[in-house]
Amino acid sequence: MTQLSAAQTPQRTPGDGSRALYGGKSNRRITVRDITAAKERGEKWPMLTAYDATTASVFDEAGIPVMLVGDSAGNCHLGYETTVPVTLDEMTMLSAAVVRGTSRALIVGDLPFGSYQEGPVQALRSATRLVKEAGVGAVKLEGGERSHRQIELLVESGIPVMAHIGLTPQSVNSMGYRVQGRGEEAAQQLLRDAKAVQDAGAFAVVLELVPAELAAEVTGTLHIPTVGIGAGSGTDAQVLVWTDMLGLTGGRVPKFVKQYADLRKVMSDAVKAYAEDVVGGTFPQDEHAVH
Ligand SMILES: Nc1nc(=O)c2c([nH]1)NC[C@@H]1CN(c3ccc(C(=O)N[C@@H](CCC(=O)O)C(=O)O)cc3)CN21
Ligand SMILES: CC(C)C(=O)C(=O)O
Ligand SMILES: [Mg+2]
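Residues numbered from 1 in each chain as written. Chains lettered and ligands numbered in written order. Predicted model: local features only at pLDDT ≥ 70, side-chain atom pairs only at ≥ 80, totals over all residues. Heavy atoms only, no water.

A. Spatial organisation of the coordination of the magnesium ion (ligand 3). The coordination sphere of the magnesium ion (ligand 3) contains the protein donors Asp71 (OD) and Asp110 (OD), at a distance range of 2.1 to 2.2 Å. Note that Asp71 is positioned in the loop between β2 (66-69) and α3 (73-76) and Asp110 in strand β3 (residues 106-110), a separation of 39 residues in sequence. As far as burial versus exposure is concerned, Asp71 and Asp110 are alike and both buried. (Donors = N, O, S within 2.8 Å, 3.2 Å for Na, K, Ca; no water. Helix = DSSP H or I, 4+ residues; strand = E, 2+ residues; numbered from the N terminus. Buried < 20%, exposed > 50% of the residue type's maximum accessible area, 1.4 Å probe, protein only.)

Here is the structure:
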């Protein structure tokens, strides 16, 4: 640890503890206002997906300040091929579990495909379910200019919105899984999308699979935080799908992922050891039995 000189020591409000999103001392649940303040302090922060209470409690205890109940639950938790089939009922159930498993993180619920595309009123009805039935603190939806009316009505109604531009996986059938914002025209469109969601009142915006230089430019242009995934190091925050970074995803993992553990191997080895103990008669031992 480097020693901070007195002049560099950040000033704290007495009794408030450290306010940093990661490593901060406050135990109350993080709010969107804390996220806004972090951008003003120039602080970077980590976000992870979560789909169940147990896993979310591990991330909460580790200090992850923001969790996304992503519709990536479709392919990473529910066994679908893509996020497209995921329903609002499924997202409500998973989001409620993640809220129950956490006490400190801000929980963002992803609005699934088909739950907001009809227009602002449908978006409000869907977001209201995630807020009332699951208890999320914010919702996320995909689309820049094309979703600005939805964002406006949700924000007017008191529901904080995280936007999501660049690669928007719910549109896989029309756009594929391709890098977005390459070339002058596409870059200008991404900048317009970023400004549109900020103007509509979004508190943050995910930039997915866009060139690092463009993501850094968007980050410098906006006053709301950018959350990158496959968007380089110049964004305010980063998000990864938790099963990807911990080595549990069954299928292909995008190349922007850094794997921090191989839980698939850890779990597989443990399960095989258990199976062999049962077959060989070495589990249970007397200490695992009642008499
Ligand atoms: N397991 C998983 N991880 C994710 O990050 C993720 C999901 N699922 N599902 C929802 C979306 C879809 N995402 C994806 C899906 C595929 C690529 C992909 O195939 N990317 C190519 C690069 C494509 C290019 O260079 O144009 C790759 O090889 O990584 C990227 C993001 C991100 N999200
Ligand atoms: C990849 C993130 C941003 C997402 O939308 C999800 O996990 O569903
Ligand atoms: Mg999603």
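There is more to say after this.
B. Seen up close, the UniProt feature "binding site: Mg(2+)" (unreviewed entry) in the protein. Here the UniProt-annotated "binding site: Mg(2+)" (unreviewed entry) positions come out as Asp71, Asp110 and Glu142. Sequence-wise these annotated residues cover 72 residues; spatially they are packed, their C-alpha atoms never more than 10.9 Å apart. None of the other annotated residues line the largest pocket; only Asp71, Asp110 and Glu142 do. Those residues in contact with Asp71 that sit more than four places away from it in its chain are Thr83, Val86, Met91, Asp110, Pro112, Glu142 and Gln170. Within the fold, Glu142 resides in strand β4 (residues 138-142). (UniProt positions renumbered as here; feature names shortened; annotations may be inferred. 1 Å grid on protein atoms, 1.4 Å probe; cavity = no way out; pocket = protein on both sides within 12 Å on 5 of 7 lines; lining within 4 Å. Contact = heavy atoms within 4.5 Å.)

C. A look at the site of ligand 1. Around ligand 1 sit 17 residues, and of these Asn75, Glu208, Asp244, Arg252 and Lys255 come closest. Within the contact set of ligand 1, a nitrogen atom lies 2.7 Å away from a side-chain nitrogen or oxygen of Asn75. Between ligand 1 and Val179 there is a distance of 3.2 Å, counted from an oxygen atom to a backbone nitrogen or oxygen. Considered on its own, ligand 1 offers 660 Å² of accessible surface; in the complex 83% of this is hidden by protein. Of the pockets mapped on this structure, ligand 1 occupies the largest pocket. Residues of the shell around ligand 1, tallied by class, amount to 9 nonpolar, 3 polar and 5 charged. (Near = heavy atom within 4 Å. Polar contact = N/O pair within 3.5 Å; in protein donor to acceptor, adjacent residues only side chain to side chain. Areas by Shrake-Rupley, 256 points an atom, 1.4 Å probe, with all protein chains shown as cover. Sits in = over half its atoms within 2 Å of the grid points. Nonpolar A, V, L, I, M, F, W, Y, C, P; charged D, E, K, R; others polar.)

D. Just the side chain of Asp244, in detail. One can find Asp244 in helix α10 (residues 242-245). It is Arg264 that comes nearest to the buried, bridge-free Asp244 among opposite-charge side chains, at 9.6 Å. When residues no more than four places from it in sequence are discounted, the contact partners of Asp244 are Thr249, Val253, Pro254, Val257 and Gln259. (Lys, Arg positive; Asp, Glu negative; His and termini not counted. Salt bridge = Lys/Arg side-chain N within 4 Å of Asp/Glu carboxyl O.)

E. Local environment of the UniProt feature "binding site: 3-methyl-2-oxobutanoate" (unreviewed entry) in the protein. Residues given the UniProt feature "binding site: 3-methyl-2-oxobutanoate" (unreviewed entry) here are Asp71, Ser72, Asp110 and Lys140. Across 70 residues, the annotated set stays spatially compact, with a maximum C-alpha separation of 12.5 Å. Lining residues of the largest pocket, restricted to the annotated ones just named, are Asp71, Ser72, Asp110 and Lys140. Apart from residues no more than four positions distant in its own chain, Asp110 is found in contact with Leu68, Val69, Gly70, Asp71, Met91, Leu130 and Lys140. At 2.9 Å, the side chain of Asp110 and the backbone nitrogen of Asp71 are in polar contact. Looking at the element boundaries, Lys140 is found in strand β4. Judged by its relative accessible area of 2%, Lys140 falls in the buried class. In contact with Lys140, not counting residues within four places along its chain, are Leu68, Val108, Gly109, Asp110, Leu111, Met162, Ala163, His164 and Val206.

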